[in-house]
Structures are given as C-alpha cells and as structure tokens.
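Structural description and commentary
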2 protein chains.
Amino acid sequence: MADIFEVPEPGNDLLEKAHRIHLASKEISQAENQMRIKALNLMADYLEKNAKEILEANHEDYLRAERKNISKALLSRLKLSKEKLYAGIEGVRKVGELSDPVNQIQIKKELSNGLILERKTVPIGVLGVIFESRPDAVMQISSLAIRSGNGVMLKGGSEASFTNTAIVLALHEGLQQAGLDKNVICLLTSRKDSMAMLNLEKYLNLIIPRGSNELVKFIQQNTKIPVLGHADGICHLFIDNEVNIDMALSVALDSKVQYPAACNAIETLLIHKDIAPGFLKRAIPLFNSNDVKLIGDKKSVELGVEFEASLEDWETEYLDLVLSIKIVEDLDEAIDHIQKFSSKHTDGIITENISNANRFMNEVGSAGVFHNCSTRFADGFRYGFGAEVGISTQMLPPRGPVGLEGLVTYKYFLKGQGNIVDDFSSGRAFFTHKDL
Amino acid sequence: MADIFEVPEPGNDLLEKAHRIHLASKEISQAENQMRIKALNLMADYLEKNAKEILEANHEDYLRAERKNISKALLSRLKLSKEKLYAGIEGVRKVGELSDPVNQIQIKKELSNGLILERKTVPIGVLGVIFESRPDAVMQISSLAIRSGNGVMLKGGSEASFTNTAIVLALHEGLQQAGLDKNVICLLTSRKDSMAMLNLEKYLNLIIPRGSNELVKFIQQNTKIPVLGHADGICHLFIDNEVNIDMALSVALDSKVQYPAACNAIETLLIHKDIAPGFLKRAIPLFNSNDVKLIGDKKSVELGVEFEASLEDWETEYLDLVLSIKIVEDLDEAIDHIQKFSSKHTDGIITENISNANRFMNEVGSAGVFHNCSTRFADGFRYGFGAEVGISTQMLPPRGPVGLEGLVTYKYFLKGQGNIVDDFSSGRAFFTHKDL
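Computed from a prediction, not measured in an experiment: that's the story for all the values here. (Residues numbered from 1 in each chain as written. Chains lettered and ligands numbered in written order. Predicted model: local features only at pLDDT ≥ 70, side-chain atom pairs only at ≥ 80, totals over all residues.)

Per the secondary structure count, chain A includes 15 helices and 17 strands. Considering only C-alpha atoms, chain A reaches an extent of 75 × 75 × 40 Å along its principal axes. Counting every position in chain A, which comprises 436 residues, the buried fraction comes to 52%. In chain A, once contacts between residues fewer than 6 apart in sequence are set aside, the share between residues at least 24 apart is 73%. (Helix = DSSP H or I, 4+ residues; strand = E, 2+ residues; numbered from the N terminus. Buried ≥ 20, exposed ≤ 12 C-beta atoms within 10 Å, placed from the backbone. Contact = placed C-beta atoms within 7 Å.)

Written as structure tokens, this is what we have:
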C-alpha cells in the first residue's frame, strides 16, 4: 500500500467534484426529516431494481481480483452475495428508521426578556470516507450521510471499483427520484484522488478512514481535516485476585476469541499474581483448545505459558488468535501497564471487589472502562446507538463508539427584539438565564 | 513576535515539568467536588494573603515595561490595580460556585439483563494555555482548570513575569494547604518553553491560545494537540429590506462600537439595496458621531460613505472603530457574501420578515446565527455558562462560546455480571437497550 501514501494537490477534476458536492450538501442540509427518509427508501428501491447489475459488477471485480492472486481474506470481503446485498439494502431502510439526528434542541433558554437562545444540532457538511474492499460499506456510509443531512465523498478499494460504481449509480437514481441533487454522494475511483482528498480542507469537514492501522495513522498525520477513527485497538483485561474463576475464564475467552480481528478484542491479559497459578492452570488448556497462541512474561512462562514475550508484544495489536499474558503484583501495576500501553480504546477488569473495580474504572483513562463483562461489547450497535460511524480513541469528544451524533454538530440560534449589549452594561436591562 | 515563532524540541527541564504535571493531574482528576471547591477557596485566601507581594511584583513589571517603551494599550493590560486583583480573587471563589462539570451522567441505560452502560464526564487531563500580558488571566484560567479537575501549564507574556510568578506562588500555597500536589499548576517563564509546549502531545490534551490572530494561527498549524480557540472573528450584520430602521440602527451601532476590540463585534454591514438610501442617510451621521470610519463598496460610496473598500476589506478583522459596508441585491447575496468571508463566529440579520430570518439562520453556517439582536451577545457569560474558556470557530463541537463543558470529556462505564458477546450471537441473551 506504500505507493498510495502520497498526498498530491487536488486536480481540477477533483476540485470540480468537491465544488459540486459542496453545493449539493447545502441542499441536503436543509432537507426536512421526511425528505431524507423518502430519499433513503428510494435509494433502497433502486438498489433492489439494479440488484442484477450490481451482482454482475461484483462478479467482474471478483474475477479480476482472483486473476491478481489477491489473498483469500480480501477475496471473501470483496464478494457480494445476493444475501449480503439484500442485507445491505435492508440496512439502508433501517437507517431511515433511526431517530433524526438533525434539529435536536440541546439548549433552550431565555437570556433576558425577549432574547431566546437555542442550541440545535445541524449537519457537519461534507464527509470524506476512505475504506477498503467491502462494497457493502458504500451502502451503509451513504445512508448514514443522507440520514444526517451530509454530503459524502467516498473512496473504496480499487479492487471493488465496478461494484462500487454500480451501487452508487443506484443510489444516485434514488436521490434523483426523490428530487435531490445526486452529487451529494460522490464516488472517487482513482487512487490519486483518494489521497488528494486529504488536501480538501476547504470542502470536507470530517474524514472517516476505515482500513488498516497503517492507513489510518497516515491519514491522521497528513490532513488538516478532523479525523474520526482509531489506528490501534490494544485492549486489556485485568483478572484481579478476588474473582469468580469461571466468570474470569468465560469473559477472557470471549474477549479474545469471539472475533479476534475486531478492534475491541483484547491483546493482553493481566493477571494478579495471587490468582495466577490457579487461573492459568485452567486458562492455558482452554485457550489452547481454541487455537489461541499464548505469549507471556517470565512469571507466566514459569506457570506454563509456552512462548516468552518481548517488549514489543505489549504494544502489538495482533488482530489474531494470539494473546500476551503478564502477571502483575497488584491493581496498581495493572493500571500502570494499561496507562502505558493501552490505545485508550477499551480496557476491563474482572473482580468481585467493588472498590478495586471503581478504582480501575476511574483511573484508567480509556474511552471504555468495563467491569465483569467482555471488551467485545464496545460497539455502537451493542451500545444501542442504532449505527456505528466509527470508534474514536482520542481524548476529546466524540470518543468510543460513535453513532449518528458523530455526523452532526450544533449552532447557536439567538432571537431578539432589538436587544443590545449596551443596555446591560448601563443597567437598563439584565440577564435572566432561565431554562425553557 | 516573529522571534518566538519557532517550535523547539522540549528540553529535559520542560519534560520534567510535563511529567510532574501529568502525575499531579491524575490526582486532581480523582478529587471529589468538595475537595476541588476547598482548593479554590484556599487559592483565593492565599491570593489575599499575598496581595501586597503580588501588587509589588506587578509594579516591578510595570516599571520595566515602561522603560522598554511598550505601547500604552499593553501597559494598561499589564497594570494590576488593587481593584483588579480583588475582582480576580472574587472570580476564583465564583468558579467554585459553578456547578461541577465532572461526573455528570450523560447516558445511562441497560444494554441487557445485568449489563449497565453509563457515559459520564471526566476531566480532559492537562491543558496548555498560552496568553499575553493580562496577569488576571492566570487566576481565571487556573481556577477553571482546578474546577474541572485538570492540570494546567501556563505561559504568560514575559513582560508580566514577576506578577505571574507571584500569583502562581499564592495558588501553589493554596493547593498545598488543601493537601493537593501543587505541580498541577505549572508556570513556564522562558520563551523557548512556551513554543516547545506545542510538541508535548504526550502530556498535554488541549491547547488554549489567547492572543493575537497571528499567534493563534501559528499554534493551530504547528501542533498535533487539539486547539480550542479562534484566529479571526469576522462577523457580519445584514439589514434586510423589511426592517424597523430604529432597531436596525441601534443594533448595528451596538454590534460595532460597544467594544470594537472584541471578536464578536461586526466588521461588515450588509444592507439590502431597497432600504440602503434611507438607512445610510441616518446611519452615516450616527457612526460618524461615534468616531467610526466607514469604508464601502461603490454603491454605498454613491450614497455618502466616505472611503471605498478594496477586496481586502471584506476579509479584514479591524478590531477597531472601522466598519465596511456593502449593498446587496437580496438575502441570497447577503448569505453568499457571509459564506465566503465569515470566519464562522457570529453573523446576524435584522428583519421583520420571519421567513427571511429563518432562511438566514438555517443557511448561514456560523457557530452563532442571530436575529434582531447585537452580535456582541456571543459570549459565554451572556449565554449563561458562568465562565468562558474560549470561543471556537471550528465546525465540530465544541463551537461558539465554550464554558466549562469544553474542559471535560467523557468515558463509557460498562458494568456486567460476567456478560459475554457470544451469548448474544448464539441467541442465549438479547439486548434490551432500556434508558434508565
């Protein structure tokens, strides 16, 4: 992927597209809730109408990719079965059912007699989304953008180019049928444009990268546009000394193996020294029987863990059936290790000791701090947000799993009757600051 | 100021300070509300106790500055009178009376039986604040940081160095008396350190610059740390054709002259062509009698405005008694001009036509959109936030005037009873997503 890691200046063609999406985004930002829902339903209808063409395009992409000897994992992500397509279409309709993120009143108060302040959510403007392979992402991202009144510039993997083009054609037909400017969804197909996008800070308001750690890090470091996303997901689970061992084993196993390629799967298990012998005696065969390779510090190797860890292991996101294990003196050492190596995504503790649980959750600075449950719950759908736009590991909001609220911002609306500040300085008027 | 515009690598001394403030910020982040209030009251007490030394230090700074032929405006900002000092001390106590921004529950819901999700506000960590002259800012910023459970690294103007040092000494005595680590407030005194701070992304979580546009722009472009602030404040007021002329004149005058050096004062007045002759006939003498220099487009010069504007005028923040005037065809041209030149701070409309007011407020993308009131209301205190940390002109939250909520972030706390995700995939458990 190194060859796309350059950020060229946007060419005229890209600037023209950026200008058109900017205009179209003004229109969608003013569209009523019912209009946005109508557009989503029509987008879904046209995806259905064009299903045959979309599946054929995907077949073409698949054949080409096969010829290029692309990895099996990539091929399987690229493959759009009829079931996957229809699930995606259903997803577009479901996004229409989510409650409107726009025009939500966050603050309403009287500042003074006849002077009313409102803070309401509004669309951000234009999103730039860079993602790899999965063609179903085009449907999902586009529908979230329309639901929240934003324009979206999409750049998918080149291996899915035919599929993505066919999907966007259907989405455009749906938008036009709804009477909206189709340019609000814009698909970039050239590699050069996808990186030049990072220089479009005058047109794009948020970049959402979905891809490898390497890609996300590169984007974070090479754009002035705010980035919603995370590079690493190095999550920890700490097994304290006062635990129900059955629960600890079950949660540790789920946190690792339920879907090891997910960012919310754990990479490191920290174990209190007092419980380590008894815990590992049962954990080692359990993980072994689930094909998990265990890598441990000296003490855990002495207790039966097969491979010895190097410093690098504590900062590696395996995204695979590999787990590093460290035996710690106490809660303090566990917290220190996490503060040092965690990517501030999600970290958990298993303990029956409530005061230890509270200390852990208060002192660990990650976006998610979990007690007696699997780290795999760190997810927008599981949190009940109805959708997940991304997971952010930055310190400032939005952080953690981000739903549709990550695609809106807010504005202050102040309505008066000729009110002036001089009347307040001179004592002729005064502030009431009454919540309405 | 060009000579400080370099960003050196932090030296060992600065790294040592950063490490100490990092540790101290962990302590204050866990301090209970009552402890933080106690600390603020003791900080105020010690400022009172040390008032004589602080005023003497300020006298020393003042004498040195006078010898250096510093501008009158700067000298007046540097001067800390007894009244100003005591108002500052009173301000520290008042910050203690603001409601606690930390530990506020934003979301609380049951995800499934026995699995409870909470989203609570937490301190950000360590703030870096760079400001000029005004020594009272040290008291204000430090108290806001302590109120919100954050550490703060301060860099004030070198001309106020004795005063700032004396104030921080008193604040440290107050913190120690409260039993807290005094290192949570750290004053940098060397020029080199103030810029090297921008490279402390491992230790600082937010930079708040308070100073010239030039300084703010430089900081925004030269740090990976998020910046809360704004460079320009180019605000507009549009006088529509259906207006009460008395109201329009009063609001326009207030928006310009009530405090022209403020970022929320207007720089440009846009006037609907139909009302321009009648409005300007009264506005020109009114602004003249208030010493406002008027600069206009061709049409407004024909109607009596003295100086003709160049393109540069539409993008200049005068921060002075200067106002540019443009006559527009209609609401559309006014909105277009604002979208092009506004710094997205605050823009207002004067009109009796509600549908025009709504269109203006919906389509103008600024953080504040005002109808029939002065742009000077765009301010954290006037909005009733109790404090203002800064005003942000970025698109994403926080934007507009930012109160204490800008100094906290949030964390997700998930408490379970051994819940695992596999039970949900296999249908043994299901999500309830019930608000609590």
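Structure shown, so let's carry the discussion forward.
A separate point is the sheet that holds strand E4 (residues 151-155) of chain B. Where strands meet in a sheet, backbone hydrogen bonds hold them as pairs that are either parallel or antiparallel. Residues and elements named next belong to chain B. Spatial ordering of the open sheet is given by E5-E4-E3-E6, a layout of four strands whose pairing is parallel. Every other strand in the sheet has two partners, leaving strand E5 (185-188) and strand E6 (206-210) as the edge strands with one partner each. Each strand of the sheet is rotated relative to its neighbour by a mean of 20°, with strand direction disregarded. Bridge analysis of strand E3 (residues 126-131) against E4 gives five bridges, and the strand direction is parallel. Across the sheet, residue Val129 finds its bridge partner in E4, namely Leu154. In this fold helix H1 (residues 12-30) packs onto E3, E4 and E5, with an angle of close to 140° to the strand it touches most, E4. (Pairing = 2+ DSSP bridges. Axes fitted to C-alpha atoms, helices over the stretch in contact; angles between N-to-C directions.)

A few words now on the domain arrangement of chain A. Parsing chain A into structural domains produces domain 1 (2-221) and domain 2 (235-377). Each of domain 1 of chain A and domain 2 of chain A has a C-alpha centre, and these two points are 37 Å apart. (Domains from an automatic or database assignment.)

With that settled, the discussion passes to unusual backbone geometry. Omega for the peptide link from Pro397 of chain A to Pro398 of chain A comes to -5°, which places this bond in the cis form. By secondary structure assignment, the location of Pro398 of chain A is in the loop between strand E14 (390-392) and strand E15 (400-402). The backbone phi angle of Asn69 of chain B is positive, close to 55°, even though this residue is not glycine. Secondary-structure assignment places Asn69 of chain B in the loop between helix H3 (51-67) and helix H4 (72-78). Owing to 7 C-beta atoms within 10 Å, Asn69 of chain B belongs among the exposed residues under this scheme. Within the chain, Asp291 of chain B stands out as a residue other than glycine whose phi angle is a positive 60°. Among the secondary structure elements, Asp291 of chain B is positioned in the loop between helix H11 (276-289) and strand E9 (293-296). Its 9 C-beta neighbours within 10 Å are what place Asp291 of chain B among the exposed residues.

All names here are of chain A. Structurally, Gln140 can be placed in helix H6 (residues 136-147). Sequence spacing of Gln140 and Gly91 is 49 residues, and the spatial spacing of their C-alpha atoms is 6.9 Å. Ignoring any residue separated from it by four or fewer positions in sequence, one finds Gln140 in contact with Gly88 and Gly91.

What follows concerns the interface of chain B and chain A. Contacts between the two partners involve 51 residues from chain B and, on the opposite side, 51 residues from chain A. Classifying every residue of the side of chain B that touches chain A gives 24 nonpolar, 18 polar and nine charged. Where strand E16 (residues 408-419) of chain A lies against strand E13 (residues 368-373) of chain B, five bridges are found, and the strand directions are parallel. By the bridge assignment, Leu414 of chain A is partnered in E13 of chain B with Phe370 of chain B. (Nonpolar A, V, L, I, M, F, W, Y, C, P; charged D, E, K, R; others polar.)

Taken together, eleven strands build an open sheet; the order of strands is E17(A)-E1(A)-E2(A)-E16(A)-E13(B)-E12(B)-E7(B)-E8(B)-E11(B)-E9(B)-E10(B) and the sheet is mixed. Either end of the sheet is taken by a strand with one partner, and the two such strands are strand E17 (434-435) of chain A together with strand E10 (307-308) of chain B. With two bridges connecting them, E9 of chain B and E10 of chain B associate as parallel partners. Bridged to Gly296 of chain B within E10 of chain B is Glu308 of chain B. Across the sheet, helix H10 (residues 245-257) of chain B touches E16 of chain A together with strand E7 (235-239), strand E8 (266-272), strand E11 (322-328), strand E12 (346-350) and E13 of chain B, and the angle it forms with E7 of chain B is around 170°.

So, about helix H3 (residues 51-67) of chain A. Residues and elements named next belong to chain A. Between the first and last C-alpha of H3 there are 24 Å, a value that for 17 residues agrees with the 24 Å anticipated at 1.5 Å per step. Among the residues of H3, those classed as buried are Ile54, Ala57, Asn58, Asp61 and Ala65. Buried residues of H3 fall within an arc of 100° about the axis and therefore sit on the same side. Counted as exposed and oriented over 90 degrees from the buried face of H3: Lys52, Leu63, Glu66 and Arg67. (Expected span 1.5 Å × (residues − 1). Arc of directions from axis to C-beta.)

The two copies are related by a screw operation: chain B maps onto chain A through 180° of rotation and 0.0 Å of translation along the axis, at an RMSD of 0.0 Å. Taken together, the rotation and translation describe the operation of a two-fold axis. Measuring from the rotation axis to each C-alpha of chain B, the shortest distance belongs to Pro397 of chain B, at 4.0 Å. (Least-squares fit on C-alpha atoms with pLDDT ≥ 70 in both.)

With that out of the way, let us pick up the pairing of E13 of chain B. Regular strands place their side chains on alternate faces of the sheet. Of all six residues that make up E13 of chain B, six are buried, and the element is covered over most of its length. In this region the chain leaves E12 of chain B, passes through helix H14 (residues 354-363) of chain B and returns to the parallel neighbour E13 of chain B; the handedness of that crossover is right-handed. (Right-handed = clockwise from strand over helix to strand, strands pointing away.)

Below, the discussion takes up the environment of Ala367 of chain B. Tracing the backbone through its elements, the reader meets Ala367 of chain B in the loop between H14 and E13. Spatially, the C-alpha atoms of Ala367 of chain B and Arg399 of chain B are 6.1 Å apart, while their sequence positions differ by 32 residues. When sequence neighbours within four positions are dropped, the list of residues in contact with Ala367 of chain B reads Lys411 and Tyr412 of chain A together with Lys344, His345, Thr346, Thr393, Arg399 and Gly400 of chain B.

Below, the discussion takes up the confidence of the model for chain A. Confidence in the prediction of chain A, expressed as mean pLDDT, is 94, and 99% of residues score 70 or more. As scored by the predictor, the complex reaches a pTM of 0.92 and an ipTM of 0.93. (pLDDT = per-residue confidence, 0-100.)

Turning next to the environment of Val129 of chain B. Residue and element names in this part refer to chain B. Locating Val129 in the fold gives a position in strand E3. Looking at Val129, the number of C-beta atoms within 10 Å reads 26, which means it is buried. Along the backbone, Val129 and Leu206 are 77 residues apart, and their C-alpha atoms lie at a distance of 8.4 Å. Once residues lying within four places of it in the same chain are set aside, the contact partners of Val129 are Ile141, Val152, Leu154 and Ile208.

What follows covers helix H6 (residues 136-147) of chain B. Residues and elements named next belong to chain B. The end-to-end C-alpha distance of H6, which contains twelve residues, comes to 17 Å, matching closely the 16 Å that a straight helix rising 1.5 Å per residue would cover. For H6, the full list of buried residues reads Ala137, Val138, Met139, Gln140, Ile141, Ser142, Ser143, Leu144, Ala145, Ile146 and Arg147. Looking one or two places after H6, you find Gly149, whose phi comes out positive at around 75°.

Let's shift gears to the packing of H10 of chain B against H11 of chain B. Helix packing for two helices is described by the angle between their axes and how far apart those axes are. Residue and element names in this part refer to chain B. The interhelical angle for the contact between H10 and H11, taken along N-to-C directions, is 40°, at an axis separation of 11 Å. Here H10 lies oblique to H11, going by the angle between them. Along this stretch, H10 crosses H11, giving a crossing that reads as right-handed. Listed contacts from H11 to Ile245, Ala248, Leu249, Ala252 and Leu253 of H10 are Gly278, Phe279, Arg282, Ala283 and Leu286. Residues that form the contact of H10 with H11 fall into these classes: eight nonpolar, one polar and one charged. (Parallel < 35°, antiparallel > 145°, perpendicular 65-115°, else oblique. Left-handed = near helix turned anticlockwise from the far one by under 90°.)

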